[in-house]
Amino acid sequence: MNSNNFGMWTFDHSKSGIYYSLIDFKNKSKARNKKGTRYSELLNGHVNTSMVLNGKTHFYAQYTIRVDEGRRDEILTGMKESGIPVGVYYPKCFHEQPVFNGLGYKYGDFPESEKASR
């Protein structure tokens, strides 16, 4: 750690063995965005895909689709059988998590989130 002229401390990542490069991050972001865009092209008309506004990008930490009600399990099974890694990342909405119980939210307060999680 180093002190600058303002008495603030900074951490020198190069001495810790951690290498972080903004260029690496940008390259990974571009690659993910390219794959996500391709997925959207291929899946168009089959499932609802993420919308990215013109001039904007998406990092695609995961690729999210929305399917017609009642078809999720069928599509999950088909994708798994085809060797595609897939899962339900958020089976419960944030307001349904125990940590948020004290906020007073109930089922029905966030219908779009609830629909997406089921």
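Numbers given to residues run from 1 along each chain, matching the order in which its sequence is written. In view of the model being predicted, local features appear only for residues whose pLDDT reaches at least 70, and side-chain atom pairs are presented and counted only at 80 or more, with totals across whole chains, interfaces and linings using the full set of residues. Only hydrogens and water are removed before side-chain values are computed, so all heavy atoms of the structure are retained for them.

Trainee: Would you take a moment to explain the overall build of the chain for this structure?
Mentor: Counting from the N terminus, the helices are DSSP H or I runs at least four residues long and the strands are E runs at least two residues long. Scanning the chain from terminus to terminus reveals four helices and four strands. In the chain, the succession of helices and strands from N to C terminus is β-β-α-α-β-β-α-α. Within the chain, the fraction of its 118 residues that count as buried is 12%. Considering only contacts within the chain whose residues lie at least 6 apart along the sequence, 33% involve residues at least 24 apart. A 1.4 Å probe and the Shrake-Rupley method give the accessible areas. Residues count as covered only by the protein chains that appear here. Approximately 10200 Å² of the chain is accessible, and the part contributed by carbon and sulfur atoms is 56%. The classification of residues rests on relative accessible area computed with a 1.4 Å probe and restricted to protein chains. Under 20% of the type maximum is buried, over 50% is exposed, and intermediate values are partly exposed. Residue contacts follow a heavy-atom distance rule, with two residues in contact if any of their heavy atoms lie within 4.5 Å.

Trainee: How should I be thinking about helix H2 (residues 22-43) in this particular structure?
Mentor: For an α-helix the count is 3.6 residues per turn, leaving residues at separations of three or four pointing the same way. Expected span, for any helix, means 1.5 Å times one less than how many residues it has. Taking 1.5 Å of rise per residue, 22 residues should cover 32 Å, and H2 covers 31 Å from first to last C-alpha, within 8% of that figure. Of the surrounding secondary structure, the elements contacted by the buried residues of H2 are strand S3 (48-49). Two residues or fewer after H2 comes glycine 45, characterised by a positive phi angle close to 90 degrees.

Trainee: What should I look at first to understand unusual backbone geometry in this one?
Mentor: With the exception of glycine, most residues fall at negative phi, and the peptide bonds are largely trans. Look at tyrosine 60: it is not a glycine, yet its phi comes out positive at around 55 degrees. In this fold, tyrosine 60 is placed in the loop between S3 and strand S4 (65-66). Look at tyrosine 60 and you get buried, because its relative accessible area is 9%.

Trainee: Would you take a moment to explain the layout of surface pockets for this structure?
Mentor: Over the atoms rolls a probe the size of a water molecule, and its path tells where empty space is left. A 1.4 Å probe that fits but cannot get out identifies a cavity on a 1 Å grid over protein atoms alone, an open set with protein on both sides within 12 Å along at least five of seven lines counts as a pocket, and a residue lines either if it has an atom within 4 Å of a point. Grid points are joined across faces, edges and corners, and a volume is the space filled by probe spheres set on the points. Considered as a void within the structure, the largest pocket measures approximately 1300 Å³ in volume. Around the largest pocket sit 40 residues that line it, and Tyr63, Thr64, Ile65, Gly87 and Tyr89 are the ones nearest its centre. Of all elements in the fold, only H2, S3, S4, helix H3 (72-81) and helix H4 (111-117) reach the threshold of two or more residues within the lining of the largest pocket. Of the residues forming the lining of the largest pocket, the biggest block, six residues, is contributed by H2.

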